[in-house]
Amino acid sequence: MAQVLQFGNQTITQAEIPQLLAGFQMLPQLCRLLIVEKAIALTELTIEEKALVIEQFYQNNQLTTPEAIAKALKYYSMSLEQLEAVATRELRIEKFKQATWGTKLESYFLQCKPQLDKVIYSLIRTSDAEVAQELYFRIKAGEQTFAECASVYSLGAEAQTQGMLGPVPMSQPHSAIAQKLTISQPGQLWPPMKLDEWFVIVRLEKLIPAQLDDAMRSTLLNHLFETWLAEEISKAQLTILEEEGGSEGVWEREREGVRQKLGVA
């Protein structure tokens, strides 16, 4: 027997559900969930892991009594097994990440480290080449400090911080600035260089090397997972099939349209 959704006085049939999901822009999220659910289907938890994570989920969501659990099941129209699957999903995803990319983190970290290192640097930018040259000579000769010159003459937001910027990832500054900072020693002052409409003076204050600690491992795992998931979504072909009188008509979105809908380049 076909199932229907009853919402107040409104009845929603199975045939209407795909179009409602599309109209409310919920299909991309459904695609994401389906891909993730398929990926973690074989991920197993120990009895102890499952019991602990379910208990934590119940505590975090105030499901501490049979009445509260029953109310939640009714509200979401789900079974107890489905609720427990929700409670354990994040842990199963984490175990999937570890199983898939955990052994690759060190090499991936070394590959990405130049962009993960953080830097504190000082910056002055002006649209006048002669002003930039004069400021460079003043700072180099010790006639004025970098902070004094930046506060008075820099034309960017860095003037409010006496030219000091950071700590920021090395990937954040303009590539030409990042290249100078990468090969600098702390305190090294660079002559003015032209970047677009600006003439900029840069000085490295401090390099903060990235460390493969627990926080970094989590960041890298999440990045690898999201990159993989985006690729899987981009390969998926979203199709709505309509059946009527034994004949099947097909409405199919072109893959490019799906990618745009999903926000994937």
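Now for a look at the structure at hand. (Residues numbered from 1 in each chain as written. Predicted model: local features only at pLDDT ≥ 70, side-chain atom pairs only at ≥ 80, totals over all residues. Heavy atoms only, no water.)

Brief notes about the overall build of the chain
Part 1 of the argument: The helix and strand inventory of the chain stands at eleven helices and eight strands.
Part 2 of the argument: Relative to its length of 265 residues, the chain is extended, with a C-alpha radius of gyration of 28 Å against a globular reference of 18 Å.
Part 3 of the argument: For the chain, the proportion of its 265 residues judged to be buried stands at 31%.
Part 4 of the argument: When contacts within the chain are restricted to residue pairs at least 6 apart in sequence, long-range pairs at least 24 apart make up 65% of them.
Part 5 of the argument: For the chain, the separation between the mean place of its 25 positive charges and that of its 34 negative charges on side chains is 4 Å. (Helix = DSSP H or I, 4+ residues; strand = E, 2+ residues; numbered from the N terminus. Rg over C-alpha atoms; globule rule 2.2 N^0.38 Å. Buried < 20%, exposed > 50% of the residue type's maximum accessible area, 1.4 Å probe, protein only. Contact = heavy atoms within 4.5 Å. Lys, Arg positive; Asp, Glu negative; His and termini not counted. Charge placed at Lys NZ, Arg CZ, Asp CG, Glu CD.)

Section: the sheet that holds strand E4 (residues 164-169)
Part 1 of the argument: One open sheet accounts for four strands, arranged E4-E3-E6-E5; its pairing is antiparallel. Each edge of the open sheet is held by one strand with a lone partner, namely E4 and strand E5 (189-195). Strand-to-strand, the axes of this sheet are offset by a mean angle of 35°, without reference to chain direction.
Part 2 of the argument: Where strand E3 (residues 118-126) and E4 come together, four bridges link them in antiparallel fashion. Counted as the bridge partner of Val119 is Val168 from E4.
Part 3 of the argument: Running over the sheet, helix H7 (residues 129-141) touches E3, E5 and strand E6 (198-208) and is turned about 170° from E5. (Pairing = 2+ DSSP bridges. Axes fitted to C-alpha atoms, helices over the stretch in contact; angles between N-to-C directions.)

Details of helix H4 (residues 66-76)
Part 1 of the argument: Among all positions of H4, only Ile69, Ala72 and Leu73 are buried. On an axial view of H4, the arc spanned by its buried residues comes to 100°, and they lie on one face. Those residues of H4 that are exposed and aimed more than 90 degrees away from the buried face are Glu67, Lys71, Lys74 and Tyr75.
Part 2 of the argument: Packing partners of the buried residues in H4 comprise helix H3 (47-60) and helix H5 (80-101). (Arc of directions from axis to C-beta.)

As for the packing of aromatic side chains
Part 1 of the argument: This structure, assessed with the given rule, holds nine aromatic pairs.
Part 2 of the argument: For the pair Phe96 and Trp228, a centre-to-centre distance of 5.4 Å together with 55° between the ring planes defines the contact as tilted. Here Phe96, found in helix H5, pairs with Trp228, found in helix H10 (residues 214-235); they are 132 residues apart in sequence, far enough to count as distant. One exposure class covers both Phe96 and Trp228, and it is buried.
Part 3 of the argument: Between Trp101 and Phe225 the ring centres are 6.4 Å apart and the planes differ by 75°, which places this aromatic pair in the edge-to-face class. Here the residue Trp101 occupies a position in helix H5, and Phe225 occupies one in helix H10, the gap between them amounting to 124 residues. For the pair Trp101 and Phe225, a shared accessibility class is recorded, and that class is buried.
Part 4 of the argument: Pairwise contacts between aromatic rings join Phe96, Trp101, Phe225 and Trp228 into one cluster.
Part 5 of the argument: Lys194 extends its terminal NZ or CZ atom over the ring of Phe199, reaching a point 5.5 Å from the ring centre. (Phe/Tyr/Trp six-rings, centres within 6.5 Å; stacked < 30°, edge-to-face > 60°. Lys NZ or Arg CZ within 6 Å of the ring centre and 35° of its normal.)

Quick look at the side chain of Asp117
Part 1 of the argument: Position of Asp117 relative to the elements: it lies in the loop between helix H6 (105-116) and E3.
Part 2 of the argument: Of the residues examined, Asp117 reaches a relative accessible area of 10% and is grouped as buried.
Part 3 of the argument: In this structure, Asp117 is in contact with Val168, Pro169, Met170, Leu207, Ile208, Pro209 and Ala210, ignoring residues within four places of it in sequence.

Digging into the nonpolar core
Part 1 of the argument: Ranked by size, the top nonpolar core spans 19 residues in total, and within it Val36, Phe96, Trp101, Leu220, Phe225, Trp228 and Leu229 carry the most contacts.
Part 2 of the argument: Secondary-structure elements contributing two or more residues to this core are helix H2 (27-39), H5, H6 and H10.
Part 3 of the argument: Take this core: its biggest share by element is eight residues, from H10.
Part 4 of the argument: Aside from chain neighbours lying at most four places away, what touches Leu220 is Leu105, Tyr108, Phe109, Leu116 and Leu212.
Part 5 of the argument: Grouped together as the second largest cluster of nonpolar side chains are 13 residues, Val119, Ile177, Val202 and Leu204 included. (Core = buried A, V, L, I, M, F, W, Y, C linked by side-chain atoms within 4.5 Å.)

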